[in-house]
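Fold and contact review
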Amino acid sequence: MKLLIAGDQVLHDQVKILLAKRKNKVICFTCASTEEALRLVQENQIDHILLDPCLPGLDVSVLLQCSRSNSPAIKKIVVLEWERRARLHEFLGRGADDYIYKPLSEADFFFCLESPARTGADLVPGKPFYGRASERKQQEKEAYESEARLRRIAEGMLDVVSQTDLDGYYIYVSPSIKYILGYDEAEIVGKLSFDLIHPDEVEKFKATFHTLILTASPKSIETRIRHAKGSYIWAEVSGCILPDENGSPVGIVFVTRDVTDRKKRDEEYLKASKLESVGILASGIAHDFNNCLAVILANIFLARLYLRDRNMLLEKLGEVEKVVQQAKRLSTQLLTFAKESVPLKKAVYVQDLIKETASLVLSGSNIGFELSIPGQLLPVEVDEGQISQAINNIMINAMQAMPNGGTIRVKLENVPGEGESYLRGVDLPAENYVKITIADQGCGILEEHLAKIFDPFFTTKPEGSGLGLAITYSVITKHNGHIRVDSKPGQGTTFFLYLPAFTGEIISREVEKKSIVAGQGRILLMDDNKILAEITSDLLAELGYQTEVAGDGQEALELYRRGLDSGRPYDVVIMDLTVAGGMGGKETMQKLMQVDPGVKAIVSTGYTNDPVAREYSRYGFKGFIAKPSKVEDLAREINRILRS
C-alpha cells in the first residue's frame, strides 16, 4: 500500500507512530504543496491520500479534482480540526471518500485506511457523501446507547447479571451482587468465577462452562456459590455466549438467581414425602414380617413335639432358618428405602442369587421357573441382599400377573457394553455386562403405564404400595447398572437388567456352602445385647473356640489388656458397631490398635449403610459380619482372619 501524506510535520509524525504500532507494510510519501502532491501521485501509483486542508500552500479542491480525474481508484481522506467540521460537507461533495478528526485515533485511522473507497452507487446528485467513518460513529453511538440501556436493565434486576471472558474471569457484575452474595462490584471484577463455586461442584460447573462455549447453546445449572461471609448459597446460574460481529464467542453472560429458600422447601417436602413413604412401606412390611414371626413360632412349637423324631425336627428347624432369611430381606428392604443405601459389594455368580430368590418367592405357588445360561457366565460385584431384593420384587410382580399359573423364564448371558444396542449412547462404567432377562406370561402392562412403573407410589394394585419397582430401579442404578422393560397387554412382560461384570477371580458360593469351618483359639465378643451375645458365644463354643463376652467397648478394652498381660491374648475380637450408652466398635477399635497394632478384629452390625461396614479396613478391622448372619458365614470369616 502507498500512502501520500499532504500535511504538516505533526500529521506526518502521528501517522508514522500509528503505522509502527501495527507494523503494516505501507510506503509513505510526504509533501507540503499542491504541485508536489500531484507529481507524487503521477509518479508513484498512490493508493491513499491523507489531506490536511489547514496546510498553507495546499489547495485541497484542486488536489481532489485532479487526483480524481487522473487516478479514480485513489481513496482520499480529509483530516480536519474539530472546530472546522462545518467544511466537511464541502470536501465530501468535491470528491473526498472519508474523513478523520484531529488528533488521529488509531481506530479511526485504520478503519478509514482499510475500508473500501466509495463507488458510483454511493454518489447521489445533490446529496453529500458522509463516508464510512461517519457510519461507524453512528453505529458506535447506537451500540453505546444499547449497552447503556442494557446496563440500566441489569442494574435494576434482583438477580445478578455478570459477564466473564472465555477463561472465566469476571469483566462485569451488576450491583445486585451486594444483595445476593454480599460482595462489592470491585471485589469481583477481575476474579476467576470458578473460585466462588463450592469445591464439590467446581468440576461440574467448569464442564458446563466449557460445553456452553463449544456448543454456543444456553445452559443452566444449580450450584453452590460462596457468600462474602464464607457460607454458601444455592443458586440457579443460566449462561449464554456473547458473540462478536462475526458470531465468534468473546465472552459469556450469566444470570444468577438465589434459590436457597426454594431448595430448603424442596428438601422439607422430600423429607415429608419420604416419611410418608416409609410409613406406607413399613405397614406392608410389618404384615409380611408378622407372617414370618408366625411361621417361626409355629415351627418352634412343632420342633418341641418332634424332639424324638430327629428327621422331622431337622425339617422344621430348616423351615425356621428359611423364614428368618426372608425376614432379614424384609428389614433390608426397609433400610434401603429409609436411608440412602450404599451397596456393600462382594464378587458373586448371579445365578446363585437368582436360584435362591426364585426358590423363596415361588415356593408353594402354581408358577414354574426356568433358568437358561448359555456359556460360562462372568461374575458380578454386588450387594447380595440388595440384588436379591431387586430380583425378588420383579418375580413377585410376575407371579401376581399370572394368577392362573404360568412360567417365569430367566436367561443369563454376557454382553459387551458397546455391542448391546440399548446401552449405546449410555455413559458406560464397564466394558462387559451380565444381562439378566426375566420374562413372564402374564397380563402385560398398558402402554400409558410403562413410563411410570419405576415411579415411587405408582401402582395399579389396590393392595400395592407402588415401591417395589422403584426400589429395584434404585438398586440397579446404585450398582452402575441399567434396567429396562418391554411389555404388551396380554403378551407378558420382560425385564432386562444389566450389571457390570467383575474381572477378578472368585470362589463359587456353591463351594463355600459345603461345610461349616471349625477352628480353635480365643475370641473376645463385644455386644450390648446379652441374649444375642450368649447365643453367639454358645455357637462359637460349638465351633471349637473359647469365648469371653464384653457388654461395651470399655469392658472389651480391659479384657483385651488383661489377656495380653497374662500371656493369653485373644486371637480374634468381634465387636458390635453400636452400643447403647457405651463405647461402640469404631471408637473401641481405635483404642485397641493403640494397645496392640496387630489386633485382628471383625466389625458386626445390622446397619450395613454405615461407612465402617462398607470400608471396614480403613478403620483397622480385618473383616465384617452382617447381622443376622449364618453360622457358616461367621465360621468362615473367623477362619479366614485367623489364617491371614
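Attention in this report is confined to the structure presented alongside it. If you're wondering where the values come from, they're calculated on a predicted model, not measured in any experiment.

**Description of the side chain of E201**
- Of note, E201 is situated in the loop between α8 (185-188) and α9 (202-215).
- Once residues lying within four places of it in the same chain are set aside, the contact partners of E201 are T223, R224 and W234.

**So, the packing of helix α13 (residues 384-400) against helix α15 (residues 468-478)**
- Put simply, α13 and α15 touch, their axes get as near as 9 Å, and they point 145 degrees apart. Considering only the axes of α13 and α15, their crossing is left-handed. Mapping the contact onto sequence places Q386, I387, Q389, A390, N393, I394 and N397 in α13 and G468, L469, I471, T472, V475 and I476 in α15.
- Its residues placed into classes, the contact of α13 with α15 shows seven nonpolar, six polar and no charged.

**Focus on the sheet that holds strand β21 (residues 601-605)**
- With respect to topology, five strands assemble into an open sheet ordered β19-β18-β20-β21-β22, the strand pairing being parallel. Taken across any chain shown, the strands that pair with only one partner, and hence form the sheet edges, are β19 (545-550) and β22 (623-626). For this sheet, the mean inter-axis angle between neighbouring strands, taken without regard to orientation, is 20 degrees.
- Where β21 lies against β22, four bridges are found, and the strand directions are parallel. Along β22, the bridge assignment pairs T605 with A626.
- Strand contacts of helix α18 (residues 553-565): β18 (521-526), β19 and β20 (572-576), with the helix running at about 135 degrees to β19, the strand carrying the most contacts.

**Considering the packing of helix α1 (residues 9-22) against helix α5 (residues 106-114)**
- For the pair α1 and α5, the least separation of the axes is 11 Å and the interaxial angle reads 80 degrees. Between α1 and α5, the angle falls in the class roughly perpendicular. In contact with V15, L18, L19, K21 and R22 of α1, α5 contributes E106, F109, F110 and E114.
- Here the residues of the contact of α1 with α5 sort into five nonpolar, no polar and four charged.

**With respect to the pattern of salt bridges**
- Under the criterion given, the structure shown has 13 salt bridges.
- The partner of R640 in a salt bridge is E637, with the nearest N and O atoms 2.9 Å apart. You can see R640 and its partner E637 sitting in helix α21 (residues 631-643), three residues apart, about one turn around the helix.
- With relative accessibility at 35%, the residue R640 sits in the partly exposed group.
- Beyond isolated ion pairs, a larger network of salt bridges with shared partners links E222, R262 and K263.

**Thoughts on α13**
- The end-to-end C-alpha separation of α13 is 24 Å, in line with the 24 Å expected for 17 residues at 1.5 Å each.
- Among the 17 residues in α13, 12 count as buried, and that is most of the element.
- Those residues of α13 lying buried are E384, Q386, I387, S388, Q389, A390, I391, N392, N393, I394, M395 and A398.
- With a side-chain oxygen positioned 3.1 Å from the backbone nitrogen of Q386, the residue opening α13 is D383.

**Considerations on α18**
- Here α18 contains 13 residues, and its C-alpha end-to-end distance of 18 Å stays within 8% of the 18 Å for a straight helix at 1.5 Å per residue.
- When α18 is considered as a whole, its buried residues turn out to be G553, A556, L557, L559, Y560 and G563. Looking straight down α18, one finds that the buried residues subtend no more than 165 degrees of arc, so they occupy a single side. Opposite its buried face, α18 presents the exposed residues R562 and D565, each directed more than 90 degrees away.
- For α18, the secondary structure elements touched by its buried residues are β18, β19, β20 and α19 (585-595).
- For α18, the N-terminal cap is D552; the gap from its side-chain oxygen to the backbone nitrogen of Q554 is 3.3 Å.
- Downstream of α18 by one or two residues, G567 has phi in the positive range, about 80 degrees.

**Notes on the pairing of strand β8 (residues 219-226)**
- Summarising the sheet, β8 and strand β9 (residues 232-243) pair through eight bridges and their orientation is antiparallel. In the strand pairing of β9, T223 is matched with A235.
- Hairpin connection of β8 to β9: five residues between the antiparallel strands, including G230 at a positive phi of 105 degrees.

**A word on the nonpolar core**
- Core analysis: the biggest nonpolar cluster contains 37 residues, and V350, I354, I387, I408, V410, I436 and F495 have the highest contact counts within it.
- Taken together, the elements giving at least two residues each to this core come down to α12 (350-362), β13 (380-382), α13, β14 (406-416), β15 (432-439), α15, β16 (482-487) and β17 (493-500).
- In this structure I436 touches V350, I354, V410, K411, L412, F495, F496, L497 and L499, once residues within four positions along its chain are discounted.

**Here's the deal with the packing of aromatic side chains**
- Considering all chains together, one arrives at six aromatic pairs under this definition.
- Residues F194 and F205 carry aromatic rings whose centres are separated by 6.1 Å and whose planes lie at 75 degrees to one another, so their mutual orientation is edge-to-face. Residue F194 is located in the loop between α8 and α9, and its partner F205 is located in helix α9; the two are separated by 11 residues in the primary sequence. One exposure class covers both F194 and F205, and it is buried.
- When the ring of F194 is compared with that of F209, the centres are 5.2 Å apart and the planes differ by 85 degrees; the resulting orientation is edge-to-face. With F194 in the loop between α8 and α9 and F209 in helix α9, this residue pair connects regions lying 15 residues apart in the sequence. F209 matches F194 in its accessibility class, with the two residues each being buried.
- Taken together, the aromatic side chains of F194, F205, F209 and F254 make up a single cluster linked through ring pairs.
- Taking the ring centre of W234 as reference, the NZ or CZ of K263 above it sits at 4.3 Å.

Conventions used here
- Residues numbered from 1 in each chain as written.
- Predicted model: local features only at pLDDT ≥ 70, side-chain atom pairs only at ≥ 80, totals over all residues.
- Heavy atoms only, no water.
- Helix = DSSP H or I, 4+ residues; strand = E, 2+ residues; numbered from the N terminus.
- Contact = heavy atoms within 4.5 Å.
- Axes fitted to C-alpha atoms, helices over the stretch in contact; angles between N-to-C directions.
- Left-handed = near helix turned anticlockwise from the far one by under 90°.
- Nonpolar A, V, L, I, M, F, W, Y, C, P; charged D, E, K, R; others polar.
- Pairing = 2+ DSSP bridges.
- Parallel < 35°, antiparallel > 145°, perpendicular 65-115°, else oblique.
- Salt bridge = Lys/Arg side-chain N within 4 Å of Asp/Glu carboxyl O.
- Buried < 20%, exposed > 50% of the residue type's maximum accessible area, 1.4 Å probe, protein only.
- Expected span 1.5 Å × (residues − 1).
- Polar contact = N/O pair within 3.5 Å; in protein donor to acceptor, adjacent residues only side chain to side chain.
- Arc of directions from axis to C-beta.
- Core = buried A, V, L, I, M, F, W, Y, C linked by side-chain atoms within 4.5 Å.
- Phe/Tyr/Trp six-rings, centres within 6.5 Å; stacked < 30°, edge-to-face > 60°.
- Lys NZ or Arg CZ within 6 Å of the ring centre and 35° of its normal.

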